[in-house]
Amino acid sequence: MDIRQLRYFVTVAEEANFTRAAARLHLAQPGVSAQVRQLEKELGHPLLDRSGRSVTLTEVGEAVLPYARAALAAVEAVRQTADEFTGLLRGHVALGLVSGAAAAAHEFDVAAILAGFHEDHPQIEIALTEDTSERMLTALNRGELDIAVIGLAHEEPPPGISIQVLVDEPLVAAVAPDDPALTPPDRTSIPLAELRDRPLISLPRGTGLRGVLDRACAQAGFQPRIAFEAAAPLFLAQLAARGLGVAVIPALPAGAASAFGVRTLEITEPRLRGRVALAWRTDGPSSPAATVFLDLLRTNLIAPGERCLRVQPDAP
């Protein structure tokens, strides 16, 4: 008995006709008939009743058919598993990074993870792009990206997208040391409403942080006055240090504010959060290589202390 005989038997049973089965298998009818007879001989029972105008299953044939189908399915599963490992050796992964992600290197080291993955899987091609979060979400939905590191503009991801939050920290107003907002001098926060008429320095439209700011200002009843835009949060702080406006940025690491020549005030009423997340399609990446790379990122892209780690929803 071999898998070919089982495939011929199942096909004849499904077509109820040797000629149609042979055509479906792209084989000559006598060859199909001979192989099925050989299977019957090995089993010691007729599986097909050939006496009528159409071929029907005998009682033994009906009992054998489910097992024959299961055997064929198992063989196909073996092939698929082998194909997946072949894909891991010669796959392709499209990764997107939010603009200015390099400025967040103190949070996680994407370059080190890419280097390690390339060392383990040198035949996998990794295409790395940098763009706004909004455009990368569109690219994920279209299948143009497998995975992306994005800034979140909303509490929940859009339909069809799963996320793992990597960074979740308050947004602050960075100002020059002589800014009038620093009155009294020991002040540590500033209500969002006080930024209504101030020139603001922010990330561009389409980024998660900008989406959070625009939405909060709209809910507060005003439109932010954006004086300068740049992709790197630390550059925004440098502009604020020159007195060019109030930079809305994620909270800086200890000592960084003074190093950049700014003071920071946490934005309140409401408190705003800057969140960076790993994002992928909920139905999973399209290739085995991308699936393995996503697993690697989910394990290793964790900010120091694993702070604010959250998954939503579960990956498939």
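What counts as what
- Residues numbered from 1 in each chain as written.
- Predicted model: local features only at pLDDT ≥ 70, side-chain atom pairs only at ≥ 80, totals over all residues.
- Heavy atoms only, no water.
- Helix = DSSP H or I, 4+ residues; strand = E, 2+ residues; numbered from the N terminus.
- Buried < 20%, exposed > 50% of the residue type's maximum accessible area, 1.4 Å probe, protein only.
- Contact = heavy atoms within 4.5 Å.
- Core = buried A, V, L, I, M, F, W, Y, C linked by side-chain atoms within 4.5 Å.
- Axes fitted to C-alpha atoms, helices over the stretch in contact; angles between N-to-C directions.
- Parallel < 35°, antiparallel > 145°, perpendicular 65-115°, else oblique.
- Nonpolar A, V, L, I, M, F, W, Y, C, P; charged D, E, K, R; others polar.

*Asks:* Explain the side chain of Arg281 to me, using residue names and the numbers behind them.
*Replies:* Mapped onto the elements of the fold, Arg281 is located in strand β12 (residues 273-281). Overall, the relative accessible area of 11% leaves Arg281 in the buried class.

*Asks:* So what's going on with the environment of Ala230? Which residues, and what values?
*Replies:* Relative to the elements of secondary structure, Ala230 occurs in the loop between β9 (225-229) and α8 (233-241). The class for Ala230 is buried, based on a relative accessible area of 12%. For the pair Ala230 and Pro204, spaced 26 residues apart in sequence, the C-alpha separation works out to 6.2 Å. Ignoring any residue separated from it by four or fewer positions in sequence, one finds Ala230 in contact with Ser202, Leu203, Pro204, Phe235 and Leu236.

*Asks:* Describe the nonpolar core, naming the residues involved and giving the relevant values.
*Replies:* Leu192, Ile249 and Ile267 are the most contacted members of the largest nonpolar core, which totals 35 residues. Listed by contribution, the elements that provide at least two residues to this core are β6 (161-175), β8 (199-202), α7 (208-220), α8, β10 (246-250), α9 (256-259) and β11 (263-268). Those residues in contact with Ile267, other than ones at most four positions away along the chain, are Leu171, Val172, Ala173, Ile190, Leu192, Leu195, Val248 and Leu272.

*Asks:* Now, about the packing of helix α1 (residues 3-15) against helix α3 (residues 29-43): what can you tell me, with residues and values included?
*Replies:* It is the contact of α1 with α3, at a shortest axis distance of 9 Å, that shows an interaxial angle of 110°. Here α3 runs roughly perpendicular to α1, going by the angle between their axes. Between α1 and α3, the residues in contact are Arg4, Gln5, Leu6, Tyr8, Phe9 and Val12 and Val32, Gln35, Val36, Gln38, Leu39 and Glu42, respectively. For the contact of α1 with α3, a count of residues per class yields seven nonpolar, three polar and two charged.

So far we have only geometry, and geometry alone does not tell us how the molecule works.
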